[in-house]
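Observations on the model geometry
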Amino acid sequence: MMGTDTLLNMLCWTPLARPIRAMRQDRINRIARENYDKRKIDDLIEDIMSNHHDMLS
């Protein structure tokens, strides 16, 4: 049974290459934004914990 990635890799050699490339780029951008947001949230939580540790006990 072929996986989705295998099928998309095969379709990259057809006229569907441009939409597949766009779809993959969108997925990469979404994951990058999510990772960026997670890092920013982690930094905020760390700042809150260090600045207000006495109130969180």
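Below is a short write-up of the structure.

About the thresholds
Residues numbered from 1 in each chain as written. Predicted model: local features only at pLDDT ≥ 70, side-chain atom pairs only at ≥ 80, totals over all residues. Heavy atoms only, no water. Salt bridge = Lys/Arg side-chain N within 4 Å of Asp/Glu carboxyl O. Helix = DSSP H or I, 4+ residues; strand = E, 2+ residues; numbered from the N terminus. Buried < 20%, exposed > 50% of the residue type's maximum accessible area, 1.4 Å probe, protein only. Patch = residues over 30% accessible without salt bridge, like charges linked within 9 Å, V, L, I, M, F, W, Y side chains within 5 Å. Areas by Shrake-Rupley, 256 points an atom, 1.4 Å probe, with all protein chains shown as cover.

Attention now moves to the pattern of salt bridges. Tallied over the full model, the rule gives 1 salt bridge. Between glutamate 34 and arginine 30 there is a salt bridge whose closest N-O contact spans 3.4 Å. Here glutamate 34 and its partner arginine 30 are both found in helix H2 (residues 17-51), 4 residues apart, which amounts to about one turn of the helix. Here arginine 30 falls in the partly exposed class, since its relative accessible area comes to 38%.

Attention now goes to a nonpolar patch on the surface. A cluster of nonpolar residues, Ile41, Ile45, Ile48, Met49, Met55 and Leu56, forms a patch on the protein surface that exposes about 620 Å² of accessible area. Looking at the element boundaries, isoleucine 45 is found in helix H2. Relative accessible area serves as the criterion here: at 46%, isoleucine 45 is assigned to the partly exposed category.

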